[in-house]
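Observations on chain architecture
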Amino acid sequence: MTEIFVSYARSTVAQAQAIAEALRGLGYGVWRDDEIPANRAYADVIAERLAKAKAVVVIWSADAAKSQWVFSEANRAREDGKLVQLTVDGGRLPMPFDTIQCADLSSWTGGDDTPGWKQVVGAIAGLISPSGSQQETPRKAPRKLSICVLPFANMSGDPEQEYFSDGISEDIITDLSKVSALSVVSRNTAFTFKGRSIKVTDVARELTVSHVLEGSVRKAGGRVRITAQLIDAAHDDHIWAERYDRDLTDIFALQDEISEAIVKALKLKLLPEEKKAIERRGTDSAEAYDLYLMARQHYCTGNFDARLSETIIRLCGRAVEIDPGYARAWALMGWAQSRLRFRFGRQDIDSATAIETALALDPNLAEAHAGKAESLRLEGRSDEASVEIEIALRLDPENFEANNVAANVCFSQGRIADSIPYYEKAAALMETNVGAGTMLITCHTALGDTERARQAAHMTLARVEAVLAQDRSNGMAMGQGVAALAVLGETDRCRDWIRRALLIDPDNQMLRYNSACSLCVHLKDTDGALDLLDPYLAWTTRVDLDWAKVDPDMAPLHENPRFQAMIAAAEARLAAEAEAAPA
């Protein structure tokens, strides 16, 4: 009886065969598509075998990531709760599979004692047992203790306090990641469980972890209450739980206390340098920290209008007044200043000092290098931007800002395909961001990948609707959502959103541009797109005009006389402004 279905791309047939044989050697029944009868339709047999399999092993590779068959089989397995995935080349996985545990078999040579292979076998054993066994084979314990920190629930009774509970969760993940004896699930993977009704044992099985931490945060006035409980996933037992009621000014000491209590409950030894690393904060001011978290929440929406940038600058400006040594606040403020200067024509804004201050305070801060890269890109210094983004990614490959800016650099250079993995990673790293999803729609559409464009559209629309549930007047979010609606064939709703967004925020030029892209590419409404672009191109900055020239969404308009006249007028206006500008 077939128990395991193996999904793979043709280029990895040798690895697929080796993996199948190794699993058969463990007593499992294994099926792959070299066994399809000549008289049966391929799709029918695949669907039948997928339905019957107890576990689906997906072998990811660069070619598999591009295969609609592999993607479809993996998605069915994910939905059915029987996905076991591994990579044979260490490459990036497509969304949403990059948020799920994946074993690394890129250096596997057939041995049964490598960590990656043990992870595969353990995951399969958690779903089924080998033929002839009297009972399910227990999942093998990880070589070292492992933990998933679930996003702490916001119990403040105010949705706007979500930024704070998320920030606490992220900081605990970061702290525990500094403990060498403990394996910690990444932030982007842990946050896929946010808002979901889940069983801890299911989380542990899916992620192959030994322990799960869950909790809640209630912040009111100058007080904060945090509850936390550490669960042994194998036995579904609480091994530690505590409730803390403190002044908000004690937040850093409280985070240290929680992290050290978890380490003690797991009976691990915290090395002196690890203790120092946990206690090392970007700031000692709880007020500055709270302001930074608020500013970052605005940033992470991907809503890049001028008003939002000004809000970020005010919040971070106050944070660095309180603590001039707060590098992260300086870096975020510098990003917003660059946005205002280059995207909204605010030549009175200094876009360099804040970033350079952040780098002087912390040369190893990935988001500071990413902010400098974005500023250089916006200034038209693409080669220098590429150098800075390489530094940022080397310092922290899991950093949202670094991946998002890397994508922008590739896109602005016309390297659409190269930008996709970075946009995918950025979208996975920050589930509240909608901008990366909109860009994925553009990229996949330009490359003719309709299915992935639709997948990106579904993700983007869900995120936009979550934003609008909090703020119905967010015209920028509606402007980004219209692309998703257009791709999904919701034409009437798409046009209605454009009309409403323009009534809500008529002066938002980026809203006009995004809506014009949707009308042009997906609804084939050239006149409607040009009507929206007319005031946009009469206002646009040099950065945005250059972006429009490489944006594949604008390609259908390149030969249109009206569009050509608009571009020529914009070029003449910008040239005159440059000539008149003081030296």
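Above this note sits the structure.
Bear in mind the structure is a predicted one, so any value in this text is a computation, not a measurement. (Residues numbered from 1 in each chain as written. Predicted model: local features only at pLDDT ≥ 70, side-chain atom pairs only at ≥ 80, totals over all residues. Heavy atoms only, no water.)

Concerning the pattern of salt bridges
- On inspection of all chains with the given rule, the structure shows 30 salt bridges.
- A salt bridge links D496 to R500, with the shortest nitrogen-to-oxygen separation between them at 3.2 Å. With D496 and R500 both in helix α22 (residues 491-504) and four residues apart, the pair spans about one turn of that helix.
- A relative accessible area of 29% means that D496 is categorised as partly exposed.
- By relative accessible area, R500 is classed as partly exposed at 31%.
- Among the charged side chains, a network of salt bridges with common partners joins R542, D546, K549 and E571. (Salt bridge = Lys/Arg side-chain N within 4 Å of Asp/Glu carboxyl O. Helix = DSSP H or I, 4+ residues; strand = E, 2+ residues; numbered from the N terminus. Buried < 20%, exposed > 50% of the residue type's maximum accessible area, 1.4 Å probe, protein only.)

Some remarks on helix α24 (residues 526-539)
- With 14 residues, α24 ought to run about 20 Å at 1.5 Å a step, and its terminal C-alpha atoms sit 20 Å apart, in line with that.
- The sharpest bend along α24 reaches about 35° and sits at L533, with the proline P535 one to four residues further on.
- Check the buried side of α24 and you find it contacts α22, α23 (509-521), α25 (542-550) and α26 (561-580). (Expected span 1.5 Å × (residues − 1). Bend = angle between axes of the 7 residues up to and from the residue. Contact = heavy atoms within 4.5 Å.)

Some points on the pairing of strand β4 (residues 83-87)
- Taken across its five residues, β4 has five buried, putting it largely inside the fold.
- What you see with β4 is no split at all: L83, Q85 and T87 on one side and V84 and L86 on the other are buried throughout.
- The pairing of strand β3 (residues 55-60) with β4 spans five bridges and is classified as parallel. Each residue of the ladder has a partner; that of W60, found in β4, is T87.
- Two strands pair when backbone bridges link them, and β4 and strand β5 (residues 103-104) are joined in this way by two bridges, in the parallel orientation. (Pairing = 2+ DSSP bridges.)

Observations regarding the pairing of strand β11 (residues 237-247)
- Pairing geometry for strand β10 (residues 223-232) and β11, over ten bridges, is antiparallel. Bridging across to β11, V224 finds its partner in R246.
- Here β10 hands over to β11 after four residues, with D236 in that stretch at a positive phi of 55°.

Looking at helix α1 (residues 13-25)
- For α1, which comprises 13 residues, the first-to-last C-alpha distance of 18 Å matches the rise-based estimate of 18 Å (1.5 Å per residue) to within 8%.
- Among the residues of α1, those classed as buried are A16, I19, A20 and L23. In a view along the axis of α1, the buried residues occupy a sector of 100°, so they form one face of it. For α1, exposure combined with an orientation more than 90 degrees from the buried face picks out A14 and G25.
- Against the buried residues of α1 lie β1 (4-7), β2 (30-31), β3, β4 and α5 (115-125). (Arc of directions from axis to C-beta.)

Looking at the packing of helix α6 (residues 162-176) against helix α9 (residues 251-265)
- Between α6 and α9, the least distance of the axes is 10 Å, while the angle of their chain directions is 50°. Judged on the interaxial angle alone, α9 and α6 are oblique. As for how α6 packs across α9, the hand of that crossing is right-handed. Side by side, α6 and α9 meet where F164, I168, D171, I172, D175 and L176 of the first sit next to I251, Q255, D256, I258, S259, I262 and V263 of the second.
- Within the contact of α6 with α9, the residues separate by chemical class into eight nonpolar, two polar and three charged. (Axes fitted to C-alpha atoms, helices over the stretch in contact; angles between N-to-C directions. Parallel < 35°, antiparallel > 145°, perpendicular 65-115°, else oblique. Left-handed = near helix turned anticlockwise from the far one by under 90°. Nonpolar A, V, L, I, M, F, W, Y, C, P; charged D, E, K, R; others polar.)

These values are about where atoms sit, not about what they do.
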